[in-house]
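Here's the letter readout for the chains.
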Number of protein chains: 2
Amino acid sequence: MADLAKLKADLAGIAIEDNPAIVKQKSRDFFWYSPVLKRQLDHVVGDLVVTPKDEAEVIRVLAAAHAHGVAVTPRGAGTGNYGQAMPLAGGIVLNLAEMNKVTAIAPGRVVAEPGVIMAKLDAETRAHSGQELRLHPSTANTASVGGFVAGGSGGVGSIRWGGLRDLGNVIRLRIVTMEASPRTLELSRFDLHKVSHAYGTNGIITEVEMPLAPAYDWVDVLVGFDDWMDAVRYADALGNEDGILTKEIATVAAPAPFDYFLRHQKFLKREQSVVIVMVAPHSLDAFLAFTGREKGEIVFRADTAQDLKGLPPAFELAWNHTTLRALRVDPSITYLQVMYPFPDHQKKVARMTELLGDEVPGHLEFVRFDGKVIPMGLPMVRFSTEERLDEIIRIHEEEGCPIFNPHRYTLEEGGMKQTDDVQLAFKREADPDGLLNPGKMIAWEDPNFDYRAKKTFLFPGLQAAG
Amino acid sequence: MADLAKLKADLAGIAIEDNPAIVKQKSRDFFWYSPVLKRQLDHVVGDLVVTPKDEAEVIRVLAAAHAHGVAVTPRGAGTGNYGQAMPLAGGIVLNLAEMNKVTAIAPGRVVAEPGVIMAKLDAETRAHSGQELRLHPSTANTASVGGFVAGGSGGVGSIRWGGLRDLGNVIRLRIVTMEASPRTLELSRFDLHKVSHAYGTNGIITEVEMPLAPAYDWVDVLVGFDDWMDAVRYADALGNEDGILTKEIATVAAPAPFDYFLRHQKFLKREQSVVIVMVAPHSLDAFLAFTGREKGEIVFRADTAQDLKGLPPAFELAWNHTTLRALRVDPSITYLQVMYPFPDHQKKVARMTELLGDEVPGHLEFVRFDGKVIPMGLPMVRFSTEERLDEIIRIHEEEGCPIFNPHRYTLEEGGMKQTDDVQLAFKREADPDGLLNPGKMIAWEDPNFDYRAKKTFLFPGLQAAG
Ligand SMILES: Cc1cc2nc3c(=O)[nH]c(=O)nc-3n(C[C@H](O)[C@H](O)[C@H](O)COP(=O)(O)OP(=O)(O)OC[C@H]3O[C@@H](n4cnc5c(N)ncnc54)[C@H](O)[C@@H]3O)c2cc1C
Ligand SMILES: Cc1cc2nc3c(=O)[nH]c(=O)nc-3n(C[C@H](O)[C@H](O)[C@H](O)COP(=O)(O)OP(=O)(O)OC[C@H]3O[C@@H](n4cnc5c(N)ncnc54)[C@H](O)[C@@H]3O)c2cc1C
């Protein structure tokens, strides 16, 4: 065990918290969406929370932690779903919430500290020049931009701009390395991939430069369809309407909208599947014409609704908020992340609906992926056993629908199931002692891990962390 | 022959021009790009040019012309390529150039009179709120927005927003009908189709409401490739990069860029095909990374070029400006308009290149079409005879590449080769005497015309108009 007292002394002047209740709270994220992760990670807790107020303090923290061999796990707002921000080996939780300034706004771009909440960033860029982030997760009201880049993938706006992985959706990152003398590095172009979606395993992001899009007064609309596949076809066609500017298109299969969207329930019919749309005001007319022709029933329009009090924005019915609302009503629900590849995506959705029915209620987020509109599935799953969950995953994969498994806390198992050489190489450079967010990169922890063996990786440190 | 003297008396107070030289000039457009139309239309001339300054004057002109049975052919700036604005039956050329005010600008939309030049409109919306038209033809510096809606199809911006035909790319049109008592009508949603791209045959547009997009300081870039199909693949892939914001992507096959883009010649290599790109400044970094990876050679960048004096903007190398520049060097050149349908578009381009070689030098404009990126071809054609031109068209069609024939002055022959029932029905309503732009809508002039007979429609009035 490292000498925490000495470490604390080294950090004099920087905000430190070791109240166990608070440390426990800041050691957790939304991992409990997954019954698997809940079993594995529920006991995980760090030793202390350190809250730097600027990059200089980040450098001091990393230098001190490096000197004492203490693990450091960065944390934005802790809204990740895979335990990304949980300190599997204990040590320092590096809370970036106080580094929350927007530092520059220009046409098409914003520079900010990593801890700023995305809704706050958007409010500033909107007030400044009618701009907003291209993409945000449905947690925009609570999550940090740095956490989004390091741990998220896409969300609201992906129907227009694709995902965070796409070239151009992050412009520049500034990071601090975990070494005796931490360095600051500026990453752009293909180098961004080194730390984007790397869970903070190979550098602490201290500044982001993100592209902006125009901020419109997006209109929330819910469109009802008696038939699920009609809703899917409509959503797909809407996403392919080049002249209709939307920021969000999602479909949720009946009866989930009625059963789980409690605040909107009065607008919904239980037997109707729902398409969730955010449309630009100047595209509303065209959208209504299109929807009429496609025989969608407009069941809710925020611009004409009598009373919006208590109603969340439409995007908080979408992405993982769909799961959240379902979970609140029925705690046995969890979810999956499915890709339905172009051009057979509609057939594949129909096939999975046919095979799995109400055990896996449909939820699709339409996004641009390599230039084409496809649905990314975030289906709800009525959880029974981990074995059955694995079986459901296998059924998807056998039908040609790759799964990004949200029941795994490692980068590889949640993603491409193979070593990311770029991220691994950069970890060797930027965190040679393996102290940043230990246990999340299998390639580092166990280079010989066999992904085909279908065994889950278990980080040895997980035991020690308890 | 109508009594023009009486007609003129009825128009007292409205600007009228009957100087033959000016009337002749205002009776012509860019029809001469086509050797076929040049032969057919060269003698066409109206009787007088009337220039209303507001909608009230338009109403007076139409009422008087209707009373006297005189044809009226609207004219924006007369930059159309198919003789759209040419008065085949003589009569009045209704010059809308003086109705050129921008009347309202709001987030995402602009309201304007039809005669405003698009570059001027863009300058106003840019100064007002950093906005600009989603789409403009490469003639933005000379053409009117009303003429674009009534006679154009798409252009710069279509890689992002599709074409004018797409729902949402025109919001609202106000028109005046050709009746004893002309009515004003507001058209929106699917009704827009009644007069969009109808060549002014069924109503005079007196106001347009168009959607706006953010105006960035687009960077002009030319990318060189030693191989034509490498250029095509690169351009296609760039169009499918969801995070890289471009406004224009076109490819022109070697040696045309070097031979015809004289002002840019010093940057070009004769053996290289060129990709013409307009990219947003905040996407430039990602664009350069992408281009480097794809082994494109950046031969010109407007943001770093030493001296831009005398260089036209990149979009004036694209669309029909490519043809224009070729024509200026080699007057024997004309062009075609080809669609290469998704998903076999690349194969089809390669096939046509193989079949037609240097007789039909490649020029592709990448656009979004029904949600997918495809190349629309505007290939140059080394003209020999009309028979050979028809043969080249047939070869395209046999290979599954539909042609929109720019050597025809009628809506149908230049377009879908069938009656547009909506536009025809609306002409019955709005122009019952058939006085608006006579000779352009076959469905009206000759309902029994047989498109399969492959004979060109000849408007009887064409003789009389001489
Ligand atoms: C209801 C709900 C809905 C959601 N919807 C979406 C969605 O639509 N799209 C989506 O992508 N995600 C979604 N998520 C997941 C998550 O909310 C987002 O990815 C969010 O952006 C994470 O931000 P955060 O500040 O909470 O990050 P955290 O959870 O705090 O951190 C995420 C990861 O980034 C690392 N990290 C944080 N800050 C830094 C830094 N400065 N430097 C280096 N590493 C750092 C952490 O160690 C962790 O590995 C959702 C989650 C919930 C609970
Ligand atoms: C070099 C060159 C490049 C070009 N590039 C493009 C391109 O990229 N994309 C494209 O779509 N086109 C292109 N064109 C064609 C043309 O320039 C555009 O379509 C342009 O927008 C037409 O506008 P205009 O004001 O010149 O219209 P005009 O030529 O004056 O008129 C076009 C048609 O609309 C009718 N009309 C005009 N005003 C009204 C009105 N107020 N009410 C009703 N009817 C009206 C006319 O009768 C005519 O039928 C190009 C032409 C040239 C010569």
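With an unreviewed UniProt entry as reference, chain A is termed FAD/FMN-containing dehydrogenase, source organism Prosthecomicrobium pneumaticum.

Colleague: Lay out the UniProt feature "domain: FAD-binding PCMH-type" (unreviewed entry) in chain A with the relevant residues and their values.
Modeller: Under the UniProt annotation, the feature "domain: FAD-binding PCMH-type" (unreviewed entry) is placed at residues 42-215 of chain A. The distance separating the terminal C-alpha atoms of residues 42-215 of chain A is 40 Å; by composition the span is 21% helix and 26% strand.

Colleague: Explain the site of ligand 2 to me, and be specific about the residues and the numbers.
Modeller: Residue and element names in this part refer to chain B. Near ligand 2 you find 38 residues, and of these P74, G76, T79, S144 and G154 are the closest. The contact in question runs from an oxygen atom of ligand 2 to an N or O atom on the backbone of G76, over 2.7 Å. A distance of 3.0 Å separates an oxygen atom of ligand 2 from a polar backbone atom of G80. Across the complex, the protein chains shield 97% of the 960 Å² of accessible surface that ligand 2 would expose by itself. Sorting the residues of the shell around ligand 2 by element identifies strand 3 (72-75), helix 6 (145-151), strand 10 (204-214) and helix 11 (320-329) as the ones contributing at least two each. Counting residues per element, the shell around ligand 2 draws most heavily on helix 6, at 5 residues. Split into classes, the residues belonging to the shell around ligand 2 amount to 16 nonpolar, 21 polar and 1 charged. A domain-level breakdown of the shell around ligand 2 finds at least three residues from each of domain 1 (102-214) and domain 2 (219-398).

Colleague: Give a detailed account of the relation of the copies chain B and chain A, specifying residues and quantitative values.
Modeller: Copies of the same chain, two in number, are related to each other by a rotation about an axis and a translation along it. Relative to chain A, chain B is turned by 180° and slid 0.0 Å along the rotation axis, the superposed coordinates differing by an RMSD of 0.0 Å. Classification of the inter-copy transformation places it as that of a two-fold axis. Interface residue correspondence from chain B to chain A reaches 100%, placing this contact among same-surface, isologous pairings.

Colleague: Break down the packing of aromatic side chains for me, with residues and values.
Modeller: Within a pair of aromatic rings, the relevant descriptors are the distance that separates the centres and the angle that separates the planes. Tallied over the full model, the rule gives 21 aromatic pairs over all chains. With 6.2 Å between their ring centres and 85° between their planes, Y33(A) and Y335(A) make a pair best called edge-to-face. Here Y33(A), found in the loop between helix 2 (20-25) and helix 3 (35-41), pairs with Y335(A), found in strand 15 (residues 333-335); they are 302 residues apart in sequence, far enough to count as distant. For Y33(A), a relative accessible area of 4% translates into the label buried. On the basis of relative accessible area, Y335(A) is assigned to the buried category, the value being 0%. With 5.9 Å between their ring centres and 65° between their planes, F342(A) and F342(B) make a pair best called edge-to-face. With F342(A) in the loop between strand 16 (338-339) and helix 12 (345-356) and F342(B) in the loop between strand 16 (338-339) and helix 12 (345-356), the pair connects residues from two separate chains. Accessibility expressed as a relative area gives 27% for F342(A), which makes it partly exposed.

Colleague: Tell me about the interface of chain B and chain A, and name the residues and values.
Modeller: Taken together, the contact between chain B and chain A spans 41 residues of the former and 41 residues of the latter. Summing the contributions of chain B and of chain A, the shared interface buries around 3,300 Å²; its carbon and sulfur component is 53%. Of all residues in chain B, the largest losses of buried area upon contact with chain A belong to L167(B), D242(B) and H282(B), amounting jointly to 20% of the total for that side. For the interface between chain B and chain A, the tally reads 2 salt bridges. The partner of R189(B) in a salt bridge is D285(A), with the nearest N and O atoms 3.0 Å apart. Taken together, the connections running from chain B to chain A amount to 16 residue pairs in polar contact (both at pLDDT 80 or more). For the side of chain B that touches chain A, the secondary structure elements donating two or more residues are helix 7 (158-161), strand 10, helix 10 (284-293) and strand 17 (363-369) of chain B.

Colleague: Quick one: what's the story with the site of ligand 1, residue by residue and with numbers?
Modeller: Residue and element names in this part refer to chain A. Lining the immediate environment of ligand 1, one finds 38 residues, of which P74, G76, T79, S144 and G154 sit closest. S153 places a polar main-chain atom, nitrogen or oxygen, 2.8 Å from an oxygen atom of ligand 1. Listed by contribution, the elements that provide at least two residues to the shell around ligand 1 are strand 3 (72-75), helix 6 (145-151), strand 10 (204-214) and helix 11 (320-329). A per-element tally of the shell around ligand 1 places helix 6 first, with 5 residues. Tallied by class, residues from the shell around ligand 1 come to 16 nonpolar, 21 polar and 1 charged.

Parameters at a glance
- Residues numbered from 1 in each chain as written.
- Chains lettered and ligands numbered in written order.
- Predicted model: local features only at pLDDT ≥ 70, side-chain atom pairs only at ≥ 80, totals over all residues.
- Heavy atoms only, no water.
- UniProt positions renumbered as here; feature names shortened; annotations may be inferred.
- Helix = DSSP H or I, 4+ residues; strand = E, 2+ residues; numbered from the N terminus.
- Near = heavy atom within 4 Å.
- Polar contact = N/O pair within 3.5 Å; in protein donor to acceptor, adjacent residues only side chain to side chain.
- Areas by Shrake-Rupley, 256 points an atom, 1.4 Å probe, with all protein chains shown as cover.
- Nonpolar A, V, L, I, M, F, W, Y, C, P; charged D, E, K, R; others polar.
- Domains from an automatic or database assignment.
- Least-squares fit on C-alpha atoms with pLDDT ≥ 70 in both.
- Contact = heavy atoms within 4.5 Å.
- Phe/Tyr/Trp six-rings, centres within 6.5 Å; stacked < 30°, edge-to-face > 60°.
- Buried < 20%, exposed > 50% of the residue type's maximum accessible area, 1.4 Å probe, protein only.
- Buried area = accessible area lost by both parts, 1.4 Å probe.
- Salt bridge = Lys/Arg side-chain N within 4 Å of Asp/Glu carboxyl O.

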